[in-house]
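Remarks on the overall topology
Next come the chains, spelled out residue by residue.
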Amino acid sequence: LMSLSRVRFDSRSTMRADADDDDDDARGGFINPEPIVYARARDRASARDARAAREGDETTRDAVDALEIFDHVRDINDPEHPYSLERLNVVSASAIECDDARNRVRVEFTPTVPHCSMATLIGLSIRVKLLRTLPRRFKVDVVIAPGTHASERAVNKQLNDKERVAAALENGNLLEKVDLCLSGKTAV
């Protein structure tokens, strides 16, 4: 059987599963068997409460900022470990740009290891979460932080190609993995 722990797009806009290496078997099947876990940042309850009060007013347009984007993506679970992307320092508020006036959001994420085979699944999970929660007016870009992944260019191309993303989301098995990450459960 092919492992679901290695999922990637191929050149035909479809997802492919690769067989595990012997190296992964020796480490219990994990790409990063002992990730560094960081403390969770404090919740911004007062800002969230103010935003909720504004959202009740249908006459005003809800402004979106980078901290709100971070609130949406911080609790996405890593596909391989029982920790959130925030706790693994994969996403941070400082790596998010939001231009509400131009309807643009850019999320830069940092895989825990430079050869992370889960990078595409992580990026796809971030994209899906934002597509489901942000107003449709936003253009969302999800990219790997420069110099932090061996296949950075290829993964970024996959994550920001509408047709590849749409094809990936038609794959029921892959969508199930994304939904697990979004629900706070480990996908692998």
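For the structure, see preceding data.
Structural notes, computed from the coordinates. (Residues numbered from 1 in each chain as written. Predicted model: local features only at pLDDT ≥ 70, side-chain atom pairs only at ≥ 80, totals over all residues. Heavy atoms only, no water.)

1. As for the overall build of the protein chain
- A count of helices and strands for the protein chain gives seven helices and five strands.
- Helices and strands appear in the protein chain in the N-to-C order β-β-α-α-α-β-β-α-β-α-α-α.
- For the protein chain, with 188 residues in total, the buried portion stands at 43%.
- Counted over contacts in the protein chain with a minimum sequence separation of 6, partners at least 24 positions apart contribute 63%. (Helix = DSSP H or I, 4+ residues; strand = E, 2+ residues; numbered from the N terminus. Buried < 20%, exposed > 50% of the residue type's maximum accessible area, 1.4 Å probe, protein only. Contact = heavy atoms within 4.5 Å.)

2. Notes on the nonpolar core
- Counting residues in each nonpolar core, the largest one holds 38 residues, and the members touching the most others are Phe109, Ile126 and Leu130.
- Top contributing element to this core by residue count: helix 4 (residues 119–133), with seven residues. (Core = buried A, V, L, I, M, F, W, Y, C linked by side-chain atoms within 4.5 Å.)

3. Examining the layout of surface pockets
- By volume, the largest pocket is sized at about 390 Å³.
- If you trace the largest pocket, you find 17 residues lining it, with Arg127, Leu131, Phe138, Val140 and Lys162 closest to the centre.
- Among the secondary structure elements, those contributing two or more residues to the lining of the largest pocket are helix 4, strand 5 (139–144) and helix 6 (162–169).
- Here the residues of the lining of the largest pocket sort into 10 nonpolar, one polar and six charged. (1 Å grid on protein atoms, 1.4 Å probe; cavity = no way out; pocket = protein on both sides within 12 Å on 5 of 7 lines; lining within 4 Å. Points joined across faces, edges and corners; volume = space filled by probe spheres on them. Nonpolar A, V, L, I, M, F, W, Y, C, P; charged D, E, K, R; others polar.)

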